Amino acid sequence: MESVTHSILLSPPDVGPDEAAAVARALESGWVAPAGPDLTAFEREAAARVGSPHAVAVSSGTAALHLSLLAAGVGPGDVVPTSTMTFAATANAIRYTGARPVFVDSTDIDGNIDVVLLRSVLRRLRDGGQRIGAVVPVDLLGHVVDYTAISALCDEFEAPFIADAAESFGSLHRGRPVGSFGFSSCVSFNGNKIMTTSGGGMVFTDSPDVAERLRYLATQARQPVAHYEHTEVGYNYRLSNVLAALGRAQLRRLDSMIERRRAVRTAYRDVLDRIPGVRVLGRVSQDQHENCWLTAVVVDPDRAGWAASDLARALAAADVESRPLWKPMHLQPAHAGADAAVTGVAESLFLRGLALPSGSSLCDDDLDRVLSVIRSVAG
Ligand SMILES: *Cc1c(COP(=O)(O)O)cnc(C)c1O
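Here the structure is a predicted model, which means the values were calculated and not measured.

Draft legend 1. Main features of the UniProt feature "active site" (unreviewed entry) in the protein. The feature "active site" (unreviewed entry), as given by UniProt, occupies Lys193 in the numbering adopted here. Mapped onto the elements, Lys193 comes out in the loop between β8 (184–188) and β9 (201–205). Lys193 gets classed as buried once you look at its relative accessible area, which sits at 10%. Other than its neighbours up to four places away in sequence, Lys193 contacts Ala166, Glu167, Ser188, Arg261 and Trp293.

Draft legend 2. A look at the site of the ligand. Near the ligand you find 16 residues, and of these Gly61, Thr62, Glu167, Ser188 and Lys193 are the closest. One nitrogen or oxygen atom from the side chain of Thr62 is found 2.5 Å from an oxygen atom belonging to the ligand. At 2.5 Å from an oxygen atom of the ligand is found a side-chain nitrogen or oxygen belonging to Glu167. Its free accessible area being 380 Å², the ligand has 93% of it covered by the protein chains. At the level of elements, α3 (61–71) and α4 (88–96) are the ones that each hand at least two residues to the shell around the ligand. Looking at the shell around the ligand, the element that brings in the most residues is α3, giving three residues. For the shell around the ligand, the per-class residue count stands at five nonpolar, eight polar and three charged.

Definitions and cut-offs
- Residues numbered from 1 in each chain as written.
- Predicted model: local features only at pLDDT ≥ 70, side-chain atom pairs only at ≥ 80, totals over all residues.
- Heavy atoms only, no water.
- UniProt positions renumbered as here; feature names shortened; annotations may be inferred.
- Helix = DSSP H or I, 4+ residues; strand = E, 2+ residues; numbered from the N terminus.
- Buried < 20%, exposed > 50% of the residue type's maximum accessible area, 1.4 Å probe, protein only.
- Contact = heavy atoms within 4.5 Å.
- Near = heavy atom within 4 Å.
- Polar contact = N/O pair within 3.5 Å; in protein donor to acceptor, adjacent residues only side chain to side chain.
- Areas by Shrake-Rupley, 256 points an atom, 1.4 Å probe, with all protein chains shown as cover.
- Nonpolar A, V, L, I, M, F, W, Y, C, P; charged D, E, K, R; others polar.

This is the structure we're talking about:
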């Protein structure tokens, strides 16, 4: 076996000479501000990619969610059903508005929100006289929720839905790009995501009025007069022009980066699907074309004879990074006492799941190194 020479990371940023040149050009242009031609072009190009008429670039995926909730009119007294199996940002953004999240458990196949359970939650909330401000489904690790079913459900209950597509940019649902669904869709360009602006995010919406409201709130809610008139509280959430230049260079490489992550997923499947008690999280489906942001393994310790934590330890010993799935929000002390519809599936996935190195810069030798550790644990 080859000697261990460097650490292998979970999902490092994949940037190179194209990105460096784009950032240098933006600096040389003099547009070192949260406005400029790269920002405008980045929004236009990302909107075209998603097939959405409007895109608003912001400083993070969290800001995208926060602004979307505000634009949907979500505020104190409202309830907002969302997936319990998600990154903290989803729940935090809901809490920023003063609304209360209602955490809904997952389906075992991909960890995404259980739509049948969501329906019963919506009925309970409505019958209990609560105002459902919005519904926030999350595409876990790039696995796409059933947007068709969720759209129909939200129409039935007359609640807007805001897609947390932070992890699924570039994925498709029935051939239609993620980002084009709902009241709005929010993506993240954080350093570990499928593409990055180092830190950043974007909101996509069909509505010109919503897009205008998002831009206004993101720039301190400044009225269009010279003396800086403000009739409500705003935020400083715009993406900078320099980072937008980085985003444009990444967007041009998005397809090839997704292609690599898909090849990594396939290589993991070839090994993991043969091991008893072990599976790759998510389904292979015609309906969902996934960006394969992170590949996660789910280990049933009774059938496999070893646990996800054993694999995590062996990988760490070989200087390979792995990470448990998100700890469900209903188990987080920050949200103690929150309303939740719990079946135990998300908690079980949290205990049995492990995300594996999935970056688009993962080379074949490094992938082989990860696979050989997996083989050695599986015996
Ligand atoms: C990354 C992420 C966010 C937040 O994005 P940032 O750009 O880090 O603020 C929100 N939701 C989910 C599910 C995420 O994975």
